[in-house]
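# Commentary on secondary and tertiary structure
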Amino acid sequence: MEKLEKLYEGKAKKMYATDDPNVLWVEYMNQATAGNGAKKAQIAGKGSLNNRITSVLFDLLAARGVPSHFLRRISDTEQLVRRMDMFPLEIIMRNVAAGSFAKRYGVEEGTELRCPILEFCLKSDELGDPFINDDAIVALGLADERQLAEISRQARAVNDALTDVFASIDVRLADFKIEEGATGDGTILLADEITPDTCRLWDLRDRSGRIEHLDKDLFRRDLGSIIPAYEEIHSRLLALAASEGVETGEKAVTE
Ligand code: ADP
Ligand code: MG
């Protein structure tokens, strides 16, 4: 596998083509952003932690029957994934009121919800990722009805599996955002990343009564360094993977 030209540089990752048209080479960067890029910092170690966390999470999901674009991790900061046509959607699942949801509806963060909530935002930095509903997604041609139904089904399956993973390491999965794409033959798959940048993770081992954040809210809200929190998530996930016999090592680039 050969790394070829850079296709895209986003806020957290660089995507490169490879000599296989179906494979992308992803490099996780140390950059942290919040508020649609309004707040920005370089945080040493973040790229490596996110690359390793998302890799083990994709492996733990696969072990629970939830497939993704992930192929393998090839270094501290790099991984190979299946190349997809991405739906321009931020797909959000919420298990407890937090963040923009709590603000929008005037409820306290931590308020229990009677059922999980699936939400969509249009992925557009220019527009500030505005909320969008199912009809608008279909009407604008962002996904057709069949695709949207499959995206929704997968989002709920990811939530079930991920909630189980985090419960096993004493972490409450408050909410998270995923992205989905389609392969050349139309197969819809979970893509992008699942990291403490894209999830709200609340520590259940903390008994202070306050919400103990193990996620990017530490950065967004200036609550402290993210690195020890991301390291904690990574080490608990590795222990879980080991206990389940899920292989998580770095694999050499072959061919
Ligand atoms: P952004 O700032 O747009 O969120 P990131 O730094 O997160 O960007 O870089 C990832 C980019 O690559 C995103 O635009 C994401 O939609 C896209 N992407 C993620 N997984 C895949 C994939 N498997 N195939 C093609 N594009 C992908
Ligand atoms: Mg992103």
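Figured I'd write up the structure that's included with this text. Remember, it's a predicted structure, so these values are computed and weren't measured experimentally.

## Some points on the pattern of salt bridges
Evaluated as defined, the whole model comprises 30 salt bridges. One salt bridge connects Lys6 with Glu9, and the closest N-O pair in it is separated by 2.6 Å. The closest approach of N and O atoms between Lys123 and Glu90, which form a salt bridge, is 4.0 Å. Pair noted here: Lys123 is in the loop between strand 10 (112–122) and strand 11 (131–132) and Glu90 is in strand 9 (residues 89–96), with a separation of 33 residues, a long-range link. The class for Glu90 is buried, based on a relative accessible area of 14%. One network of salt bridges, in which partners are shared, links Arg94, Arg104, Glu109, Glu119, Asp175, Arg200, Asp217, Arg220 and Arg221.

## A word on the nonpolar core
One finds Leu61, Phe120, Val158, Leu162, Phe166, Ile194 and Leu237 to be the most contacted residues of the largest nonpolar core, which totals 54 residues. Ranked by the residues each element gives to this core, the list is headed by helix 4 (residues 145–168), at 8 residues. For Phe120, the residues in contact, after removing those within four places along its chain, are Leu89, Glu90, Ile91, Phe131, Ile132, Asp134, Ile137, Leu148, Ile151 and Ser152. In this structure, Val23, Trp25, Ile74 and Leu80 belong to the second largest nonpolar core, which totals 6 residues.

## Points about the sheet that holds strand 1 (residues 3–9)
Spatially, the 5 strands line up as an open sheet ordered 1-2-3-7-6, and their pairing is antiparallel. Edge positions in the open sheet fall to strand 1 and strand 6 (70–73), since each of these has one partner strand only. Taking each pair of neighbouring strands and ignoring which way they run, the sheet shows an average axis angle of 30°. The pairing of strand 3 (residues 23–28) with strand 7 (residues 78–82) spans 5 bridges and is antiparallel. Residue pairing in the sheet places Leu24 in a bridge with Val81 of strand 7. Running at roughly 130° to strand 6, helix 1 (residues 46–63) makes contact with strand 3, strand 6 and strand 7 of the sheet.

Procedures and definitions
- Residues numbered from 1 in each chain as written.
- Chains lettered and ligands numbered in written order.
- Predicted model: local features only at pLDDT ≥ 70, side-chain atom pairs only at ≥ 80, totals over all residues.
- Heavy atoms only, no water.
- Salt bridge = Lys/Arg side-chain N within 4 Å of Asp/Glu carboxyl O.
- Helix = DSSP H or I, 4+ residues; strand = E, 2+ residues; numbered from the N terminus.
- Buried < 20%, exposed > 50% of the residue type's maximum accessible area, 1.4 Å probe, protein only.
- Core = buried A, V, L, I, M, F, W, Y, C linked by side-chain atoms within 4.5 Å.
- Contact = heavy atoms within 4.5 Å.
- Pairing = 2+ DSSP bridges.
- Axes fitted to C-alpha atoms, helices over the stretch in contact; angles between N-to-C directions.

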